Structures are given as C-alpha cells and as structure tokens.
Amino acid sequence: MQINTHPRPTIFVIFGAAGDLAWRKLIPALYNLFIDGWLPEAFHVFGVGRTKMDLTAFRDHQREGVNRFSRRGKVDEQLWEKFAAHLAYDAGDLGTDEVYSEVKQKLLEMEEKWRARPNRAFYLALPPRMIEPIVKRLADAGLNQDRERDRIVVEKPFGRDFDSARELNCLLTGIFQESQIFRIDHYLGKETVQNILAFRFANTLFEPIWNRRYIDHIQITVAEQDGVGHRGGYYDHAGALRDMIQNHLMQILCLIAMEAPISFDFDDVRNKKVDVLHAIRAIPHEQVHHYAARGQYGAGWIEGEHVEGYRTELQVDPESSTETYAAVKLFVDNWRWQGVPFYLRTGKRLPARISEVSIQFRPVPHQTFPAAALMDWRPNRLLIAIQPEEGILLRFEVKHPGQTMRLSPVMMQFYYREAFKSAPPEAYETLLLDVIRGDTTLFMRADQTEAGWSVLTPILDVWETARSADFPNYQAGSWGPEEADILIARDGHNWILPTSLQCSEDMAVCRVVQEPKQ
Ligand code: BG6
C-alpha cells in the first residue's frame, strides 16, 4: 500500500459513532487534525450507531466531547462549524444488511460529488463481538474490494487469548489484506513511545551500551490512578494482563528491545518487533508464580478522597477474582538481552497516573573512589517518561562541590513541553492520520498480536484455573500487592518510584533545552 503524505479524499465510516470512543477520542482527534491542516479538503465522517439522534443532536454531542476531551480545550466556534459540516450520522441496526447498503449508497454519492475515489476507512468503535458480523457484511456489500483504499480499523482487545486472536486474524485476513487492516494500540501513537525509536536509532551514543553488558535490568511501569470506572462490564472479563500488559506494555518492551530496522518501512519495523516477541523466554506453567504477580484493589484513599474497592464497582462481580494489577518478569533470549530481566507492571488505583521506562545500568566494574566518597553513589539510570510528563532523564554521578571527594547523583532532563514549547499531538491524532495515509507502521500486525498472546498464555492459564485466595490484596492508593514487591525483590531489585514522585532534594538537576537554530 502506498503511503500518501498528501492524503487523498477520505471518508471515515465510524461504526459505534454515538459511543464513548468516538466522543472522547476519535472526533476530538479528527477536529485537531482538521485545525492543524492535516485533513484533505475532501473529507467526511459518516457515523453509524444504534442510538437514535438527528444530525443536529449528533453534532452537538460531538462538540461537547471536543470541549471536554480535546487537548486544545473548548472549540473555536467558527472552526467547529466548518469541521462539523463534514460530520454526518445515521442510526441503524448494525446487524442488518440495510445499514451497509445505505453506507454504500452514501459513499457512492460522495464519490460522485468529489469526482474521485476516496480512501474509505471503516472504524469499528464497538465491542469485539461486533467485529465478525460487521466485517462479513462489509464484504457482502463489496466494501473491502479496493486493496489500496478500503481500510478497516479494529480496536483492542484483539481477542482474549491466543486462539481467539488467531480466529479473529483468520476472519479479518480472509476479507481484507493485511495492509488494509489497522489494529490499534493507542500507546504506539503516543509521541514519547514513538520517540523511543528516534532516541535509539537516531543517536550513536546509547547503542554501544544498549545490551546485557551494561544494562542490569529494565522496568516498564504504567500506573493508573483511576479505577475501573464505568467499564466494569468489560474489564471484569479482561483484567490487567489482557487489558494492558498484552498490548501496551509489550509494545513498549518491543521498542526498547528490538534491533535496528533496515528502514522505517512498516514491515521492517514490525519484523524487528516480532523478533523480540518470539525471543521471549517461555514461562513454564509450574513457575508462573516466579514470573508473575497479580493484585486487586480494595477500598482506600487517593489524594485525600476515599475510593471504593474493585468488587463494589459498577457491573463488577462482588466476588470477582479479576486482577486490576499485574506484574510480569520476562527475559528476551538473544545475544543482546540474555540474562537481563524486563519487569513490567501496571495497575489501577495506584497513587498516581504515571508511565515510565527505567533502564537501570550496571555499577561501574571497579570503584576507584574511597568509601567515604560513595555514600550517595548510584548506578546510572535512564528514564523515558511517557506520561503525564513526556521526556527523557539521565542520572549520572558528579563530584559534589567542596574540598572533599564526595559523589552525588544528578539528573539531566529533557522535557518536550520545555524544549519544544508545544504540546505533542494526542495518540489518536497520529494514528488516525496514519490510517488516512495508509501507513501501518504503528499498528499491530497479525503475527504480533498472536506472539504477544502466546507469551502470556501460561500466566493466563494458571491464573484462570487458580483463583487468587487473597483478593483484594492492595489498597487503593498504594503501589500494589506485596506479591509484586517479592517478585522483584527475589532478584535483589525493587520497583523504582516513578521519577516525578522522587524527592530530588539531594539531586541536582541540569535542564536540557533545545539548541538554538544556527
Ligand atoms: C486502555 C485500557 O487501552 O488504556 C484502559 O483499556 C486504560 O483500561 C487505558 O485505562 C489507559 O490509557 P492511557 O492513554 O490513559 O494511559
């Protein structure tokens, strides 16, 4: 598929357009792309959903969504009016053929009006059970035929285990070609996640030390402060391992661990990522407890507010044994990473919303300095802050000023907002633009989704057969269950407190600002 940098006319058909995803993410992202001039002039969003509402109500509802969730805050009324003219909506039962003939008719009318064959992106903003009936009907209506311009966008969760993911892949690839399928993992659209590639492969500095010789271990943390909210119905059948580790955290792991691709062509990048997943050491079923820990939050306090426990949340089974916290230790068995543990953890109702990657370097091979100089000494650490702060921080040692030799750790910091003075685009903006351009680099390929599930299968099996006896086992507002601390402590490590929460009293900070243009 050709990547269009100047996108051709495009129509987004959003199935589930009256739902939450369109409201919070898709329409705000399209609106921002529109303001930033990324959308082609011939552009249209055709929403389809079960909820009955007329066009005015649909547009008003979407404007409210943009007001609440856009990174730019409230809409500019004039720009909104221009953008809203591109929005249309029809209510219908997605399980009937009429909807698809109607969609087809609308698409043909637009083509006629534009005198051009547009890209057509069918976005499934719906629960996974709707994928099969919709894609089959799209095929029946012949809406999958143009291999260059017809595209299907599928949200996670992509299956709930290896077998269901494979089944889903068979279904999709039987109807669309792989290059037409955009499996979304919104973490891949985050600026800082993409920046891992730039940082690793546009600099020579770190590559020589990016391996088992210099790196002791790696921690990937995605901590959420929110609870399960109104998504209990979905979440209680998923859990943290499926909801976060299988996709978002494993994608980050791939970017950290992958070899340099030959080019940034989509398959070159994705091949290298799949290599990582294939190199992950299989976890024996009987050792799952050594490699994985799970938790569920009970009631507790977050920022001075009392919050309820998971089991009393909306649509959650009062005796649920679903994990809301998961920690996993993985090894990548190849030359670069042999023996280096990758610790992944994620949880809801933790003290803060913070995502970070910590690359912990080994101590120096020989300590030249006397013991008295080493009181504050720490090995080097590189931090990739993904959210809410977006940046890169490097900890290294310097001499503390004074007449005695004393070493002190300092932090060199780069923050996007300081260096570039502007907020990076939202993940969905990047991803929707890539759908329009036909660039699948930041989307998951079929084999990637399956390889991801296969890594986690032993944990899923064991956790499903053995209910956890001690749930809830961490208080809302704490850093998770003791089991997770034990998992990492067994290797002589501890979970690194996210940087923005660390007291930097005794840590001097050097700010890195963008270099002035020559
Ligand atoms: C989603 C998960 O994929 O990612 C949610 O289903 C989670 O449970 C969300 O809250 C986190 O995304 P972000 O971008 O807020 O870190």
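Here, residues in each chain are numbered from 1, in the same order as that chain's written sequence. With pLDDT at 70 or above as the cut-off, local features in this predicted model cover only qualifying residues; side-chain atom pairs require 80 or more to be listed or tallied, and sums for whole chains, interfaces and linings still use all residues. Hydrogens and water are ignored here; the side-chain numbers use all heavy atoms of the structure.

**Student:** Describe the overall build of the protein chain, listing the residues and the values that go with them.
**Tutor:** The secondary structure listing takes helices from DSSP runs of H or I that are at least 4 residues long and strands from runs of E that are at least 2 residues long, numbered from the N terminus. If you tally the helices and strands in the protein chain, you get 15 helices and 19 strands. With the radius of gyration taken over C-alpha atoms, the globule rule is written as 2.2 Å times the number of residues to the power 0.38. Computed over C-alpha atoms, the radius of gyration of the protein chain comes to 24 Å, within 12% of the 24 Å expected from 2.2 N^0.38 for 518 residues, which places it in the range of a compact globule. Over its C-alpha atoms, taken along the principal directions, the protein chain stretches across nearly 80 × 65 × 45 Å. Three exposure classes are used, based on accessible area relative to the maximum for each residue type with a 1.4 Å probe and protein chains only: buried under 20%, partly exposed in between, and exposed over 50%. The buried share of the protein chain, taken over its 518 residues, is 54%. Expressed as a percentage of contacts within the protein chain between residues at least 6 apart in sequence, the contacts between residues at least 24 apart total 78%. Accessible areas in this description were obtained via Shrake-Rupley with a 1.4 Å probe; residue shielding takes into account the shown protein chains only. With the model as given, the accessible surface of the protein chain reaches about 23,400 Å², and the carbon-plus-sulfur share is 51%. Charge counting follows a simple rule: Lys and Arg are positive, Asp and Glu are negative, and His as well as the terminal groups are ignored. Where a charge sits is defined by one atom per residue type, namely NZ (Lys), CZ (Arg), CG (Asp) or CD (Glu). Across the protein chain, the mean location of the 60 positive side-chain charges is 3 Å away from that of the 71 negative side-chain charges. For this analysis, residues touch if any pair of their heavy atoms sits within 4.5 Å.

**Student:** Account for the site of the ligand, with residues named and values stated.
**Tutor:** K156, H186, Y187, K190, E224, R231, D243, M244, H248, K348, R353 and Q387 make up every residue found near the ligand. Between the ligand and the protein, one listed contact pairs an oxygen atom with a side-chain N or O atom of E224 at 2.5 Å. Residues adjacent in sequence count toward polar contacts only when both atoms are side-chain atoms; beyond that, a polar contact is any pair of N or O atoms within 3.5 Å, and within protein one must be able to donate a hydrogen and the other to accept it. Contact between the ligand and R353: an oxygen atom at 3.2 Å from a side-chain N or O atom of the residue. For the ligand, whose free accessible area comes to 400 Å², the fraction covered by protein is 83%. Top contributing element to the shell around the ligand by residue count: helix α9 (residues 240–257), with three residues. The residue inventory of the shell around the ligand, partitioned by class, reads two nonpolar, three polar and seven charged. A molecule or strand has a residue near it when one of that residue's heavy atoms lies within 4 Å. As a working rule, the residues Ala, Val, Leu, Ile, Met, Phe, Trp, Tyr, Cys and Pro are called nonpolar, Asp, Glu, Lys and Arg charged, and the rest polar, with Gly in that last group.

**Student:** Mind laying out the nonpolar core, listing which residues take part and the relevant values?
**Tutor:** Residues F12 and F15 are the most contacted members of the largest nonpolar core, which totals 145 residues. No other element matches the 12 residues that α9 contributes to this core. To qualify as a nonpolar core, a set must consist of buried Ala, Val, Leu, Ile, Met, Phe, Trp, Tyr and Cys residues joined through side-chain atoms within 4.5 Å.

**Student:** So what's going on with the confidence of the model for the protein chain? Which residues, and what values?
**Tutor:** pLDDT is a per-residue confidence score from the predictor, ranging from 0 to 100. Taken residue by residue, the protein chain gives an average pLDDT of 93. The fraction at 70 or more is 95%. This model gives residues 512–518 a pLDDT under 50, and the stretch forms five contacts once residues within four places in sequence are excluded.

**Student:** Mind laying out the side chain of T10, listing which residues take part and the relevant values?
**Tutor:** Here T10 shows up in strand β1 (residues 10–15). Classification of T10 by relative accessible area gives buried; the value is 1%. Polar contacts involving the side chain of T10 include one to the main-chain carbonyl oxygen of R8, which spans 2.8 Å. Those residues in contact with T10, other than ones at most four positions away along the chain, are P40, A42, F43, H44, W114, P118, N119 and I436.

**Student:** Describe the packing of aromatic side chains, naming the residues involved and giving the relevant values.
**Tutor:** For Phe, Tyr and Trp, rings pair up if their centres lie within 6.5 Å, where Trp contributes its six-membered ring, and each pair is then called stacked (planes under 30 degrees apart), edge-to-face (over 60) or tilted (otherwise). A complete count under the given rule lists 20 aromatic pairs for this structure. Ring centres of Y31 and W80 lie 5.6 Å apart, and the angle between their planes is 55°; on these two criteria the pair is classed as tilted. Pair noted here: Y31 is in helix α1 (residues 20–35) and W80 is in helix α3 (residues 77–84), with a separation of 49 residues, a long-range link. W80 shares its class with Y31; the two are buried. Arranged with centres 6.1 Å apart and planes meeting at 70°, the rings of Y235 and Y310 form a pair that is edge-to-face. Here Y235 is found in helix α8 (residues 232–235), whereas its partner Y310 is found in the loop between β11 (305–307) and β12 (325–331), with 75 residues between them in sequence. Each residue in the set Y234, Y235, Y297, Y310, Y325 and Y474 is aromatic and connected to the rest through ring pairs, giving one cluster. Our definition puts a charge over a ring when NZ of Lys or CZ of Arg is within 6 Å of the ring centre and also within 35 degrees of the ring normal. Directly above the ring of Y187 sits K190, whose terminal nitrogen or CZ lies 4.6 Å from the centroid. The aromatic ring of Y291 is capped on one face by K329, whose charged end is 5.6 Å from the ring centroid.

**Student:** Just give me the short version of the side chain of T441, but keep the residues and values in it.
**Tutor:** Secondary-structure assignment places T441 in the loop between α13 (427–437) and α14 (446–465). Here the side chain of T441 touches D439 through a polar contact of 2.5 Å, side chain to side chain.

**Student:** An account of the environment of V455 is needed here, citing residue identities and associated values.
**Tutor:** In this fold, V455 is placed in helix α14. In the structure, V455 is positioned 144 residues away from R311 in sequence and 28 Å away in space, judged by C-alpha atoms. When near neighbours in sequence (up to four residues on either side) are disregarded, V455 contacts M250, L277, I280 and L330.

**Student:** Describe the packing of helix α6 (residues 162–175) against α14, listing the residues and the values that go with them.
**Tutor:** For any two helices packed against each other, the geometry is given by the interaxial angle and the distance between the axes. Axis geometry follows a simple rule: fit a line to the C-alpha atoms, using only the stretch in contact for helices, then measure angles between N-to-C directions, giving values from 0 to 180 degrees. Running from N to C, α6 and α14 cross one another at 170°; their axes reach a closest spacing of 8 Å. Between α6 and α14, the crossing angle belongs to the class labelled roughly antiparallel. Judged by residue contacts, F162, A165, R166 and N169 of α6 engage A446, T449, E450, W453, S454 and T457 from α14. For the contact of α6 with α14, the class distribution of residues is four nonpolar, four polar and two charged. For classification, angles of less than 35 degrees are called roughly parallel, those exceeding 145 degrees roughly antiparallel, those between 65 and 115 degrees roughly perpendicular, and all remaining angles oblique.

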